[in-house]
Amino acid sequence: MTVLPSQTPGSGAAGPGSGGLRTGDPQAGGSRTGAPASDRPATGAPSADGPRPSESGPVGPPTGTRTVTGVPESGGSGAGGTKGAPGDDVDAPPAARSGGTGGDVGEPGGPRTGDPAPGGRELRGARGGGSGSAAGDGGASGAVSRRFLARAALGTAVLSIAGSLLGLVRDQSLARLFGAGSDTDAFLVAWTVPEIAATLLIEDGLAIALIPAFSMALARRARGVPGDPVRDLVKATLPRLCLAFAAVAALVAAGAPYLVRVLAPGLPDPRLAVDCTRLTALSLLAFGLAGYCSAALRAHRRFFAPAAIYVAYNSGIVATMFLLGGEWGVRSAAVGVAVGGCLMVAVQLPSLWRRLASPAPAPAATGPADEERPVRLALIAAVLLFALCRQSQVLVERFLASSLPAGSISHLNYAQKVAQIPMTLSLMVCTVTFPVVARALADGDTRRARARVERDLVLASCVVLAGMCAVIACAPQMIELLFQRGAFTAADSAATANVMRVYALGLLGQTLVGALVRCYFSAGRPSWYPLGVMAAGVVVTSLIGAVTVGRWGVAGIAAANAFGITVTAVLLLTGLRTARPGDTGGLTLGVRGVLGRLSRPVLASVLAVAAGTSAASLFDSPVAALAAGCPAVAAVFVPLALSVPVARRSVSVSASALRSVRTVTRKLTHGRSR
């Protein structure tokens, strides 16, 4: 999308004391150093206009700057020249350090840095000042470098792994202190409420609705819209959402007896579950605020604090269980959920406050007024209903398991928590790049958004399939090592491991659903198709679970879950083949290409599971079995998943070279005479 010069306040300000000028700022004589942000395309989005008349030749820069192909190189001002500026978080590395315009260098669909753009102008960015603004806030261009995405994904993954490990410690502590009996079942029924709230308000619900809204506000701010669209968005949404969160929390606490009766009608004594539900209801307001802060920070490309929320959450639960467990019993875990929710908000507030309290950038002279796109109630409703429908699979599982022997709900819970770790790690890529996709769509760059999403789908699928193979191959050893102590017996370990192996079959579907649903809402427009296909998946889960629970118990419930979520993933992917009616700014994907690239790791996972299971069965010790099984999975999966593309690429190169040789030889005299 070509932005009018009057809508863009430069391509990145050189901060105070940086010794450089903004690329596009006027110099002596009224000319500009390099090209303004509106004229110079971000990497992956070539300009269709060619050079402007004022760009016929570079003007010598003032003292303190150097010129690289007409673009000033400031004295280390960082991305947008804000290196070291007060209030910047350490988790937002300069996008411009990777060279070029701060775009995703080398992305398909656009010229690389140094390639000639239409009109004969080369794309070369400043290593210091950069043409994108601070990677954290986004500038006139919403593009960021691969280096920044890699560092953000790595930091997010490290903190997510830490949070997942603390989640295992939390589950281990719950199993050790309270076992897998009726008390634990009562708490897990009550924990259904915060689990659903986490999905709705932190992970797949509110974030999917708010990140595009904040991305649009940041894009409007970068185009020089008067006022501060970001602060206006906060003023318009946060007070109303807080009231809604508080009202829902009060409603859940008041209706706890009826809620428990609906969630688990087979519990012999629901009073403990009612008490735990009322205690966990306090976390709903905290979860809502935590989700709002996470969405705002991610849209600003601040990922450190949002990634640390589950470290704080699980730490609060574990500490509270050990402090109050002797006196309050399993109710201490419910109190810990409320404490952990408050800690989730506390770790994000300082970073968000710095973002909102820092002075808004001075707008440039604006042209035509930019249309404001408010957060629509239909969008929030569509996203929240989808997330609620997805989370209702847990409700179906616990409803069916409540009629089984005591401990069945606990076996389902422990198996699900361990099995979903690979899915959580795989979706870290999409968590980091979702604001990038939303900003690209806000800037009108659908080609870059599509390329980003297709790469993320394949990468996330490979990560989750590798983890799925390890879970299936080494499930008994994992459960024994993690949980078999205290009140958690060997029989509990065997039952949980069997359920976990069945659960793992649906991990690819879970990952694809989490990644694909972002495509439907990344443009900030409501779409009801995801809700429809998720409802279809829940119906499939319910029907298969009702049929299989009597014969196979919890394993039948897990199989129903895996099949239902896989159906939803297939329908979501199929729906992205063509644009949906009335959705002019959404994404469409090359479904056949994505499926072709997914088929290789899927086939490799079958052989990797066989190799890992064989290696793990050679040892009685769970540690030794894991040490043998996991490397065996990696040794088989990684080469097979990567060998076929390499082979195809070499065949393609060889065929291309052969065609070139034939073309040359046909033009030679001796070739024609023979």
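So, how was this worked out
- Per-chain numbering applies: the sequence of each chain, read as written, is numbered from 1 onward.
- It should be noted that, the model being predicted, local features are given only for residues of pLDDT at least 70 and side-chain atom pairs only at 80 or more, the latter also being counted only at that level, while totals for whole chains, interfaces and linings use all residues.
- The side-chain numbers reported here are obtained from all heavy atoms of the structure, hydrogens and water having been left aside.
- Numbering of helices and strands starts at the N terminus; helices are DSSP runs of H or I of at least 4 residues and strands are runs of E of at least 2.
- Relative accessibility thresholds used throughout: buried, under 20% of the residue-type maximum; exposed, over 50%; partly exposed, between the two (1.4 Å probe, protein chains only).
- Here the accessible surface of atoms and residues is derived via Shrake-Rupley with a 1.4 Å probe, and residues count as covered only by protein chains that are part of the display.
- Whenever Lys or Arg places a side-chain nitrogen within 4 Å of a carboxyl oxygen from Asp or Glu, that contact is recorded as a salt bridge.
- We call a set of buried residues a nonpolar core when its members are Ala, Val, Leu, Ile, Met, Phe, Trp, Tyr or Cys and they connect through side-chain atoms within 4.5 Å of each other.
- Residue contacts follow a heavy-atom distance rule, with two residues in contact if any of their heavy atoms lie within 4.5 Å.
- What pLDDT conveys is the predictor's confidence in a given residue, as a value from 0 to 100.
- Exposure above 30% relative accessible area and no salt bridge define the residues that can form patches, which grow by joining like charges within 9 Å and nonpolar side chains of Val, Leu, Ile, Met, Phe, Trp and Tyr within 5 Å.
- Axes here refer to lines fitted to C-alpha atoms; in helices the fit is confined to the stretch in contact. Angles between the N-to-C directions go from 0 to 180 degrees.
- When describing relative orientation, an angle under 35 degrees is termed roughly parallel and one over 145 degrees roughly antiparallel, while 65 to 115 degrees is termed roughly perpendicular and anything else oblique.
- Should the near helix be turned counterclockwise from the far one by less than a right angle, the crossing is left-handed, whereas a clockwise turn marks it as right-handed.
- Residue polarity follows a fixed list, in which Ala, Val, Leu, Ile, Met, Phe, Trp, Tyr, Cys and Pro are nonpolar, Asp, Glu, Lys and Arg are charged, and the others, Gly among them, are polar.
- Paired rings are identified among Phe, Tyr and Trp, the last through its six-membered ring, by centres lying within 6.5 Å, and are further divided according to the angle between planes into stacked (under 30 degrees), edge-to-face (over 60) and tilted (the rest).
- Cation placement over rings: the criterion is NZ of Lys or CZ of Arg within 6 Å of the ring centroid and within 35° of the ring normal.
- By this rule the span expected of a helix is its residue count minus one, scaled by 1.5 Å.

**Q** Report on the overall build of the chain, specifying residues and quantitative values.
**A** Scanning the chain from N- to C-terminus turns up 24 helices and 2 strands. In the chain, buried positions account for 55% of the 674 residues. Carbon and sulfur atoms make up 65% of the accessible area of the chain, which totals about 27,400 Å².

**Q** So what's going on with the environment of Arg261? Residues and values would help.
**A** Inspection of the secondary structure puts Arg261 in helix α5 (residues 256-263). Through-space distance from the C-alpha of Arg261 to that of Ala273 is 9.6 Å; in sequence the pair is 12 residues apart.

**Q** Tell me about the pattern of salt bridges, and please be specific about residues and values.
**A** Evaluated as defined, the whole model comprises 10 salt bridges. Here Glu454 makes a salt bridge to Arg450, at a shortest N to O gap of 3.1 Å. Linking Glu454 with Arg450, this pair stays in helix α16 (residues 446-473), spanning 4 residues, or about one helical turn. Classification of Glu454 by relative accessible area gives buried; the value is 13%. For Arg450, a relative accessible area of 34% gives the class partly exposed.

**Q** Run through the nonpolar core, naming residues and quoting values.
**A** Within the largest apolar cluster, 152 residues are counted, with the highest numbers of intra-cluster contacts made by Leu174, Phe187, Phe214 and Met500. Here Leu174 is in contact with Gly179, Thr184, Phe187, Leu188, Met321, Val330, Ala333 and Tyr414, once residues within four sequence places are set aside. Formed by 7 residues, the second largest nonpolar core is a distinct cluster that contains Phe148, Leu149, Phe303 and Val436.

**Q** An account of the confidence of the model for the chain is needed here, citing residue identities and associated values.
**A** Per-residue pLDDT for the chain averages 73, and the proportion of residues at 70 or more is 69%. Confidence drops under a pLDDT of 50 for residues 1-143, and excluding neighbours within four residues, the segment shows 305 contacts in the predicted structure.

**Q** Lay out a nonpolar patch on the surface with the relevant residues and their values.
**A** Side chains of Leu385, Leu388 and Trp528 sit close together on the surface and give an oily, nonpolar patch of about 280 Å² of accessible area. You can see Leu388 is positioned in helix α12 (residues 377-401). Since its relative accessible area comes to 37%, Leu388 is described here as partly exposed.

**Q** An account of unusual backbone geometry is needed here, citing residue identities and associated values.
**A** Phi at Arg301 takes a positive value of approximately 60 degrees, unusual for a residue other than glycine. With respect to the secondary-structure elements, Arg301 resides in the loop between α7 (283-299) and α8 (304-307). Judged by relative accessible area, which is 2%, Arg301 ranks as buried.

**Q** So, the packing of helix α2 (residues 182-203) against helix α10 (residues 331-346): which residues are in play, and what are the values?
**A** The angle between the axes and the distance between the axes are what describe a pair of packed helices. Interaxial distance between α2 and α10 falls to 10 Å at its minimum, and their mutual angle equals 15 degrees. Put simply, α2 runs roughly parallel to α10. By crossing handedness, the relation of α2 to α10 is classed as right-handed. Residues Phe187, Trp191, Pro194 and Ile202 of α2 touch α10, and the partners they reach there are Ala333, Ala334, Val337 and Met344. Each residue belonging to the contact of α2 with α10 can be placed in one class, and the counts come to 8 nonpolar, no polar and no charged.

**Q** Outline the packing of aromatic side chains, listing residues and values.
**A** What the rule picks out here adds up to 8 aromatic pairs. With a centroid separation of 5.0 Å and an interplanar angle of 35 degrees, the aromatic rings of Tyr414 and Phe483 are classed as tilted. With Tyr414 in helix α13 (residues 408-419) and Phe483 in helix α17 (residues 475-483), the pair connects residues that are 69 residues apart, well separated along the chain. Here the two residues Tyr414 and Phe483 agree in accessibility, since each one is buried. Ring centres of Phe483 and Phe488 lie 5.7 Å apart, and the angle between their planes is 45 degrees; this geometry places the pair in the tilted category. An identical accessibility class is assigned to Phe483 and Phe488; each is buried. Between the NZ or CZ atom of Lys417 and the centre of the ring of Trp191, over which it lies, the distance is 5.0 Å. Cation over ring: Arg518 sits above Phe434, and NZ or CZ is 5.9 Å from the ring centre.

**Q** Just give me the short version of the side chain of Thr541, but keep the residues and values in it.
**A** The residue Thr541 is located in helix α20 (residues 529-552) in this model. With a relative accessible area of 2%, Thr541 lands in the buried category.

**Q** How would you explain the packing of helix α3 (residues 206-222) against α7 if you had to name every residue and give the values?
**A** It is at 8 Å that the axes of α3 and α7 come closest, and there the two elements cross at 40 degrees. When the interaxial angle is binned, α3 and α7 end up oblique. Our pair here, α3 against α7, has a crossing hand that is right-handed. Only Gly288, Gly291, Tyr292, Ala295, Ala296, Arg298 and Ala299 of α7 make contact with α3, whose side of the interface consists of Leu206, Ala207, Leu210, Ile211, Phe214, Ser215 and Leu218. In terms of residue class, the contact of α3 with α7 is built from 10 nonpolar, 3 polar and 1 charged.

**Q** Tell me what's going on with α16, and back it up with residues and numbers.
**A** Its 28 residues place the ends of α16 41 Å apart at the C-alpha level, agreeing with the 40 Å of an ideal helix rising 1.5 Å per residue. Burial analysis of α16 places 20 of its 28 residues in the buried class, which makes it a mostly covered element.

**Q** Which residues make up the environment of Ala357, and what values do they have?
**A** Residue position: Ala357 is located in helix α11 (residues 349-357). For Ala357, a relative accessible area of 44% gives the class partly exposed. Each C-alpha atom of the pair Ala357 and Arg231 lies 9.2 Å from the other, and the pair is 126 residues apart in sequence.

**Q** Could you give an account of the environment of Phe637, naming the residues involved and the relevant values?
**A** Along the chain, Phe637 falls in helix α23 (residues 622-667). With relative accessibility at 5%, the residue Phe637 sits in the buried group. Along the sequence, Phe637 and Ala604 sit 33 residues apart, while their C-alpha atoms lie 5.3 Å from each other. Apart from residues no more than four positions distant in its own chain, Phe637 is found in contact with Cys462, Leu465, Ala466, Cys469, Pro601, Ala604, Ser605 and Ala608.

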